[in-house]
Amino acid sequence: MKITLNINNRDYETEVKPGEYLTDTLRRLHQVSVRRGCDTSSCGVCTVLIEGKPVPSCAFLSYRAEGKRITTVEGIPDEASELSRYFGGEGADQCGFCNPGIALSVYALKQAQGPYTEANIRHVLTGHLCRCSGYHAQVEAVKRYLEANHE
Amino acid sequence: MNKTKTVNTVRPSIDGKGLMMGRSAYTDDLAAADSLIIKVLRSPHAFAEIKTIDTTAAENLPGVVCVLTHRDFKRNAHTRAGQGYPEPSPHDKFVLDRYVRYVGDEVAAVAAIDVETAEAALDLIAVDYEVFEPVLDFEKAKDNPVRVHPEDDIYEMFPIGFDPKRNLAAGYHMEVGDIEKTLSESDVVIRQSYYTQAQAHVMMEPHAVNARLDYNDRLVIYSSTQTPFHVRRILSQTLEVPLRRIRVIKPRVGGGFGGKQAIHGELLAAAVTLKTGRPSKLVYTRKEVFGATYTRHPMRLDLAIGATKDGKITGIDCYGLSDTGAYGEHALTVFMVTGSKVLPLYNKVDSVRFHGDVVYTNRTSSGAYRGYGAIQGNFALESTIDMLAAKLDMDPIALRKKNMIMEGQTSPIFEIMGEGTEGTAMNMESCKLDYCVDRGLTLTDWKKTYPRQENGHKVRSLGMAIAMQGSGIPYIDMGAATIKLNDDGFYNLLIGATDIGQGSDTILAQIAAEALMCDVEDVAVYSSDSDLTPFDAGAYASSTTYVSGNAVLKAANELKAMLMKEAARVLHTKIENVRYDGTTFSSEETSISLKDLSNQLYYNDEQKQLTATSSYVGHKSPPPFMAGFCEIEIDKETGEFDVLNYTSVVDCGVTINKALAKGQIEGGVVQGLGMATFEDVHVAKNGKLITTDMLNYKIPSVKEIHRLTTEFAESYETSGPYGAKSVGEIGIDTPPAALANAVYNALGVRITRLPITPEKILKALKEKENEHA
């Protein structure tokens, strides 16, 4: 079926199969930041924002995204770049495979305008498994990023 | 210690920003758009022989380009282990074989134009199996009438105790002194058996490989590997393609932890592309990562420790049984590390023995996994030390301090045990273990909580353990670096060393920048490309900072000497009169900037390329040390517990990058806590894996990790680059024992079988009650 997807404020017309998931469609459309970490929507690597809300794209049928705003990390370059400074400073960044998903979830939290409590931050990061960092540094990095960047 | 500008600072990874921004970087991002998709038919049986395999229907399916079975491969026994050559692992694997030895073993591979076609083709392959009774219990594997490897064309490269007729992949025995005599003469002897489970690596990026033939008909492989040079060698030997025709490129890798030291999809992708001439790719599903790569070796360790009444440890005896699964990758070396990087912690013993077997079973293979045997051994030894302290009615800290290894000391084990071979004698030139212990006591306010603080049915307690690891494999694994000066005065650092997320590109650039007195941004790093970078054994055995780091430092110093010589020529003076501040060379009379000197060298006068290449092989493997403290709150009615804080005090020499070193420790600690608390690979009675996805195999999330406290000791290893030792593995070793000791301190029950779950704690409490009743 032919559908139109709005990805990072640009329309893409593409052919998808009815059972196709958004991760595969986005990768085919060269949104390579969207990667597959598991096949059970458990890990958070494939996270994208649909209408501003974080969603595991590996469990979201592509045709259902038609007419909705899809944001990948390529759509928030300034925020991702800024967040990376805090990750680097805290020793929170390693292999980077989970980071685009985290950047999107943190962006969504920031858009929701707080409160940026540690509980809130932890709640957001619960959806993002990471095997490198041990999480503690991630929590600290996100906390500092939000403290420095809230409007 | 000289003041350093770049080394021993906090700085972000050089690739952190690009990766956060989602740039194309990992293996699957870089596959050719028209790659054939490879899917693998895997065995549904734990042990079977393929009687017939009919691929006609699959081959006739439109869109299928090629189907491979064992008939398509010459029988070249190899090991996937990804180690130096000759490998200390048996050559017991074939690309595809008539025999399948675990549920998930490769039966056939299909290459098709898309995923759906490839998967549909798998269903059309008709296989007739003769199914055998599998060997699943590793304690019944040795001399079992069922032979996991009945074939006769497999072999060891040198003696490792390989005896497939007895289901033995490897075996080992060492003894210093007379352990039986020592134990019989000891005032106190503690004997205890321990079981450690299979743990899955669960790196976030599944194993991925893609292959293509370039315009010169050379085979180019992109792989998410920890060992690109070993991959090239194994591909060449196994597929009989000349080494000169293969190029292996390691792009960014989404974590490895040992799970990507071995080769997994590379052989099939290479075979498909060589056969079809078309690009191909194989990306493992998460189910395949769980079921058809590796786990940590499960072990049983029988430990005996003897001591005098006043707490001098007299002897340690350890028998181990290790389960290597279907293939013997890392069988001997992981087992040896269980002794060699654990037992020297208590170096003042009269006798020590370490021996045992590594057996084949019909389970997913075990392989390299961060800690590499040391975490298993540490759990057994450091649990038993606390048991001994309890028996002697002695403070466990005092017992450790009295017996543990100290700076300037050695252990005979270093000389006897290497990795698959003899070891290397060494003194501990840097060992701040005593500081690590003391600092941990302060940070955790040990005296206030130890052994427990009760509050109704909630109990708070602390437990601790000490650990050591190594820094590379001396006299075996080499790292090399090339540094190239460019016009405008910036550098390329070309290294074989393999960044898999740990940040080695960054810390090696820092080492180069420190020596060349420039900014890290002036060093453009390119790593792990078998055509373009010099050799490096790869990212394993805590090697990179120490081994590859030393190579980088040597190369940088050589290039700096060349620059000084050229500057002296241009400034018409002797080298000893040239001063350099990082940007300008000056003599008494005149000066020239690095930028101008470089431009002259390439464009104007006495033109020449300045490049330095250097390499390093360790002459020893200086251990990093750590004291780990686990603070828990446990409910004595339910056995449920929370790890409130895990405190690590680490001696890894000088940290090249404090942020990245902390990341290594904390990531290791949390993986160790996962193993200590709930991670467990479950296999059904028929050998089928139950934990095939992240829902059934849980790894720690941020929910379980409340707080981590990480500090580094002031320490300087003279043989390391700028005083550094390695730091990749040491963090993982202490959590199982520290948690077991904390549980004992809280409730008086000792859990000896990992993982330590509330159910096991409750059961032990019940048994304790029954004893008293």
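Not measured: the values here are computed from a predicted model. (Residues numbered from 1 in each chain as written. Chains lettered and ligands numbered in written order. Predicted model: local features only at pLDDT ≥ 70, side-chain atom pairs only at ≥ 80, totals over all residues. Heavy atoms only, no water.)

**Digging into the overall build of chain B**
Part 1 of the argument: Of regular secondary structure, chain B possesses 19 helices and 27 strands.
Part 2 of the argument: Taking 773 residues into account, the globule formula puts the C-alpha radius of gyration at 28 Å, and chain B, at 27 Å, falls close to it.
Part 3 of the argument: Referenced to the eigenvectors of the C-alpha coordinate spread, the extents of chain B come out at roughly 95 × 75 × 50 Å.
Part 4 of the argument: Within the span of chain B, comprising 773 residues, buried residues form 67% of the whole.
Part 5 of the argument: Carbon and sulfur atoms form 49% of the exposed surface of chain B, whose accessible area is close to 26,600 Å².
Part 6 of the argument: Taken together, the 82 basic and 101 acidic charged side chains of chain B have centroids lying 1 Å from each other. (Helix = DSSP H or I, 4+ residues; strand = E, 2+ residues; numbered from the N terminus. Rg over C-alpha atoms; globule rule 2.2 N^0.38 Å. Buried < 20%, exposed > 50% of the residue type's maximum accessible area, 1.4 Å probe, protein only. Areas by Shrake-Rupley, 256 points an atom, 1.4 Å probe, with all protein chains shown as cover. Lys, Arg positive; Asp, Glu negative; His and termini not counted. Charge placed at Lys NZ, Arg CZ, Asp CG, Glu CD.)

**So, the packing of helix H17 (residues 658-677) of chain B against helix H18 (residues 735-747) of chain B**
To characterise two packed helices, one gives the angle between the axes of the helices and the distance between these axes.
Residue and element names in this part refer to chain B.
Part 1 of the argument: At a closest axis distance of 8 Å, the pairing of H17 and H18 adopts a crossing angle of 55 degrees. Considering the angle they form, H17 stands oblique to H18. Handedness of the crossing formed by H17 with H18: right-handed. Taken together, the residues of H18 that come into contact with H17 (itself represented by Val 669, Gly 672, Leu 673, Ala 676 and Thr 677) are Pro 735, Pro 736 and Leu 739.
Part 2 of the argument: Class assignment of the residues belonging to the contact of H17 with H18 gives a composition of six nonpolar, two polar and no charged. (Axes fitted to C-alpha atoms, helices over the stretch in contact; angles between N-to-C directions. Parallel < 35°, antiparallel > 145°, perpendicular 65-115°, else oblique. Left-handed = near helix turned anticlockwise from the far one by under 90°. Contact = heavy atoms within 4.5 Å. Nonpolar A, V, L, I, M, F, W, Y, C, P; charged D, E, K, R; others polar.)

**Concerning the confidence of the model for chain B**
Part 1 of the argument: The share of residues in chain B with pLDDT of 70 or more is 100%, and the mean pLDDT across the chain is 97.
Part 2 of the argument: As scored by the predictor, the complex reaches a pTM of 0.98 and an ipTM of 0.98. (pLDDT = per-residue confidence, 0-100.)

**Examining the interface of chain A and chain B**
Where the parts come together, the accessible area they lose is often given as the size of the interface.
Part 1 of the argument: Taken together, the contact between chain A and chain B spans 46 residues of the former and 60 residues of the latter.
Part 2 of the argument: Taken together, both faces of the contact between chain A and chain B bury some 3,900 Å²; the carbon and sulfur share is 59%.
Part 3 of the argument: Counting across the interface, chain A meets chain B through five salt bridges.
Part 4 of the argument: Salt-bridge contacts for B:Glu116 lead to A:Lys17; the nearest nitrogen and oxygen are separated by 3.4 Å. (Buried area = accessible area lost by both parts, 1.4 Å probe. Salt bridge = Lys/Arg side-chain N within 4 Å of Asp/Glu carboxyl O.)

**Digging into the packing of aromatic side chains**
All names here are of chain B.
Part 1 of the argument: Summed over all chains, the structure comprises 13 aromatic pairs over all chains.
Part 2 of the argument: Taken together, a centroid distance of 6.5 Å and an interplanar angle of 35 degrees make the contact between Tyr 99 and Phe 132 tilted. With a gap of 33 residues between them, Tyr 99 in strand E4 (residues 99-100) and Phe 132 in the loop between strand E6 (126-131) and strand E7 (168-176) connect regions that are remote in the sequence.
Part 3 of the argument: Tyr 99 gets classed as buried once you look at its relative accessible area, which sits at 14%.
Part 4 of the argument: Overall, Phe 132 belongs to the partly exposed group, its relative accessible area being 24%.
Part 5 of the argument: Here the aromatic cluster, defined as three or more aromatic residues joined through ring pairs, consists of Phe 47, Tyr 99 and Phe 132. (Phe/Tyr/Trp six-rings, centres within 6.5 Å; stacked < 30°, edge-to-face > 60°.)

**Comments concerning the environment of B:Lys140**
Part 1 of the argument: Tracing the sequence through the fold places B:Lys140 in the loop between E6 and E7.
Part 2 of the argument: B:Lys140 sits 126 residues away from B:Ile14 along the chain, and the two C-alpha atoms are 50 Å apart.

**So, unusual backbone geometry**
Part 1 of the argument: In this structure, the amide linkage connecting B:Tyr85 to the following residue, B:Pro86, adopts the cis form with an omega of -5 degrees.
Part 2 of the argument: Position of B:Pro86 relative to the elements: it lies in the loop between strand E3 (64-68) and E4.
Part 3 of the argument: The step from B:Tyr450 to B:Pro451 runs through a cis peptide bond, and the omega angle for that step is -5 degrees.
Part 4 of the argument: A positive phi angle is found at A:Asn9, which is not glycine, with a value near 65 degrees.
Part 5 of the argument: Examined against the element boundaries, A:Asn9 turns out to sit in the loop between strand E1 (2-7) and strand E2 (10-15).
Part 6 of the argument: The phi torsion at B:Val202 lies on the positive side, around 50 degrees, for a residue other than glycine.
Part 7 of the argument: Inspection of the secondary structure puts B:Val202 in the loop between strand E8 (188-196) and strand E9 (208-213).
Part 8 of the argument: We classify B:Val202 as buried; its relative accessible area is 3%.

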